[in-house]
Amino acid sequence: MRFWQLFLRNLKETYRDQLALGFLLAFPLLFMLVFGVALGANEAPSYRIAAVDDDASPISASFITEGLPQALTLEVELASSAADALASLKLGDIRAFVVIPPGFGEAVVAIRSGTPANLNLDLTYDESDLAVSGEIVQTVRAILGEFAAIESPITVNAHPVNTQAKITQIDFIAPGIIIFGLLIMIPTSARIMTRDKENGYLRRLLTTPTHPWEFILGYSLCLLLIAVIQIIFFLLIGWLFGMDILGNLALAFGVYVLAAIASIGLGMVVAALAKSQTQAEPLTWLFTMPLAIISGVWFSLGSMPSYIRAISQIFPYAHAVEATRAILLRGAGFTAVGSDLVFLVAWAVGAILLGIFMFGRTMRA
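In this text, all values refer to a predicted model and were calculated from it rather than measured experimentally.

Trainee: Just give me the short version of the overall build of the protein, but keep the residues and values in it.
Mentor: Broken down by element type, the protein carries 15 helices and five strands. Counting all 365 residues of the protein, 48% fall into the buried class. Looking at the protein alone, contacts between residues at least 24 apart form 80% of all its contacts between residues at least 6 apart. As displayed, the protein has an accessible area near 17,800 Å², and 65% of this comes from carbon and sulfur atoms.

Trainee: If you had to explain the packing of helix α3 (residues 58-67) against helix α5 (residues 104-112) to someone new, which residues and values would you point to?
Mentor: A pair of packed helices can be characterised by two numbers: the angle between their axes and the separation between those axes. Where α3 contacts α5, the two axes come as close as 7 Å, and the packing angle between them is 90°. As summarised for this structure, α3 and α5 are arranged roughly perpendicular, according to the angle between their axes. On α5, the residues that touch Ile59, Ser60 and Phe63 of α3 are Phe104, Gly105, Val108, Val109 and Arg112. In terms of residue class, the contact of α3 with α5 is made up of five nonpolar, two polar and one charged.

Trainee: Go over unusual backbone geometry, please, and point to the residues and values.
Mentor: Phi at Ala56 takes a positive value of approximately 55°, unusual for a residue other than glycine. Mapped onto the fold, Ala56 is located in the loop between β1 (47-53) and α3.

Trainee: Tell me about the packing of aromatic side chains, and name the residues and values.
Mentor: Per the stated rule, a full pass over the model turns up three aromatic pairs. On the numbers, 5.4 Å between centres and 50° between planes, the contact of Phe63 with Phe104 is tilted. One end of the pair, Phe63, is in helix α3; the other, Phe104, is in helix α5, and 41 residues separate them in sequence. Across this residue pair, the class does not change: Phe63 and Phe104 are buried.

Trainee: Which residues make up helix α14 (residues 316-330), and what are the values?
Mentor: For α14, spanning 15 residues, the distance from its first C-alpha to its last is 21 Å, which sits close to the expected 21 Å at 1.5 Å a residue. With 14 of 15 residues buried, α14 is to be regarded as a mostly interior element. Within two residues after α14, Gly331 carries a phi angle of roughly 70°, on the positive side.

Trainee: Provide a residue-level description of the pairing of strand β4 (residues 119-126), including the pertinent values.
Mentor: Two faces make up the sheet, and in a regular strand the side chains alternate between them. In terms of burial, β4 is largely enclosed, as six of its eight residues are buried. Where strand β3 (residues 96-100) meets β4, four bridges bridge the pair, whose relative direction is antiparallel. Looking at β4, one finds that Val99 is bridged to Asp122.

Trainee: Any details on the confidence of the model for the protein? Residues and values, ideally.
Mentor: Detailed conclusions should not be drawn from predicted coordinates in areas where pLDDT is low. Chain-level pLDDT for the protein is 76 on average; 74% of the residues reach the 70-or-more range. Confidence scores differ between elements of the protein, with helix α2 (residues 18-39) showing the lowest mean pLDDT of 53 and helix α11 (residues 249-273) the highest of 89.

Trainee: Lay out the nonpolar core in plain terms, naming residues and giving numbers.
Mentor: Formed by 56 residues in total, the largest nonpolar core has its most connected members in Ile179, Leu182, Tyr256, Tyr317 and Val337. Mapped by element, the contributors of at least two residues to this core are α7 (169-183), α8 (185-198), α10 (212-240), α11, α12 (277-294), α14 and α15 (334-364). Broken down by element, the residue count for this core peaks at 15 residues, all from α11. Once you skip the residues sitting within four places of it in the chain, Tyr317 turns out to touch Ile179, Leu183, Ile186, Ala259, Ala262, Ser263, Leu266, Leu291 and Ser295. With 28 residues, the next largest nonpolar core counts Ala71, Ala96, Val98 and Leu123 among its residues.

Trainee: So, the environment of Leu291: which residues are in play, and what are the values?
Mentor: On the secondary structure map, Leu291 appears in helix α12. As a C-alpha pair, Leu291 and Ile311 span 20 residues in sequence and 9.8 Å in three-dimensional space. Each residue touching Leu291, except ones within four places of it in the same chain, is listed here: Leu183, Phe315 and Tyr317.

Quick notes on the rules
- Residues numbered from 1 in each chain as written.
- Predicted model: local features only at pLDDT ≥ 70, side-chain atom pairs only at ≥ 80, totals over all residues.
- Heavy atoms only, no water.
- Helix = DSSP H or I, 4+ residues; strand = E, 2+ residues; numbered from the N terminus.
- Buried < 20%, exposed > 50% of the residue type's maximum accessible area, 1.4 Å probe, protein only.
- Contact = heavy atoms within 4.5 Å.
- Areas by Shrake-Rupley, 256 points an atom, 1.4 Å probe, with all protein chains shown as cover.
- Axes fitted to C-alpha atoms, helices over the stretch in contact; angles between N-to-C directions.
- Parallel < 35°, antiparallel > 145°, perpendicular 65-115°, else oblique.
- Nonpolar A, V, L, I, M, F, W, Y, C, P; charged D, E, K, R; others polar.
- Phe/Tyr/Trp six-rings, centres within 6.5 Å; stacked < 30°, edge-to-face > 60°.
- Expected span 1.5 Å × (residues − 1).
- Pairing = 2+ DSSP bridges.
- pLDDT = per-residue confidence, 0-100.
- Core = buried A, V, L, I, M, F, W, Y, C linked by side-chain atoms within 4.5 Å.

So this is what it looks like as structure tokens:
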């Protein structure tokens with residue numbers, strides 16, 4: 001009956017480690033909760049678009065101020081020219097813009113009076129997000145038909161921009177998958193450091209002239225090298241599967257490195273708080289997977305409720321996903337992603353310094 005004794009022993013060990021037990025029970029529930037909140041909420045997503053009024057008629061003004069805002073998914077702003085709207089689109093400030101051509105008002109009046117007329121709109125959109133761009137095109141077409149009180153003939157000339165090649169699913173998801181790989185550096189770094197803390201290796205190091213920041217830096221450099229190799233590997237695999245790289249690869253690489261540094265720093269913080277590997281890994285996965293979901297790794301942030309998008313902007317990974325997609329898919333430069341880079345630098349430096357402080361204090365204690 002030795003197996004029964006081993007069973008009872010393992011059951012007691014599992015029960016005693018309540019953090020690990022709680023993880024086993026709570027993680028699936030938390031995962032479902034995050035998915036449900038992020039993707040199953042009743043709140044409609046919103047997309048910012050611009051309108052250029054080249055008709056300058058009361059009808060066109062009414063379409064901009066009353067027609068387009070009927071769609072709860074659209075946040076409409078007025079642009080002075082198509083060139084200005086295109087510049088905003090390339091910077092990622094808007095998702096699309098509508099150009100109302102001269103004669104629009106006359107055509108609407110004629111159609112409403114029963115006289116046949118052709119109704120045209122020009123819609124330019126960023127096709128780097130396939131789901132969002134398709135929804136915007138369909139929404140604008142439906143609003144135009146309702147505004148003119150007809151179903152046809154309506155022509156919405158849709159113009160995808162910012163890309164030199166057709167966007168595919170691999171183009172959209174690959175930058176996010178790389179960020180997910182870097183998120184995994186959080187449990188990896190936490191596991192390695194808690195393992196050496198648990199087996200007494202770090203405690204023995206403290207009996208030498210080695211300072212806490214020195215062995216922490218040694219861990220960080222090793223983990224950063226692993227992250228760099230991981231980034232190169234993921235980019236190569238993505239390219240082999242057909243991912244188009246239109247922007248500055250070095251700039252995108254820098255964004256990924258900053259995200260990796262932030263992950264390593266967060267792993268240090270967890271290692272400082274956890275007493276064992278059994279605690280460290282569940283603790284890191286408890287927030288790593290939700291972070292991946294709300295950061296837009298697999299799904300567009302535009303399809304999530306506004307409060308989820310606001311929460312995601314607190315952490316570095318949503319900024320990293322948005323910046324790398326803008327660079328790789330739209331060819332965005334440093335100016336377009338400058339604010340994201342500043343945020344990522346602040347997070348990377350802050351996470352590393354906090355990790356060094358907390359882990360060093362734990363080891364001295």
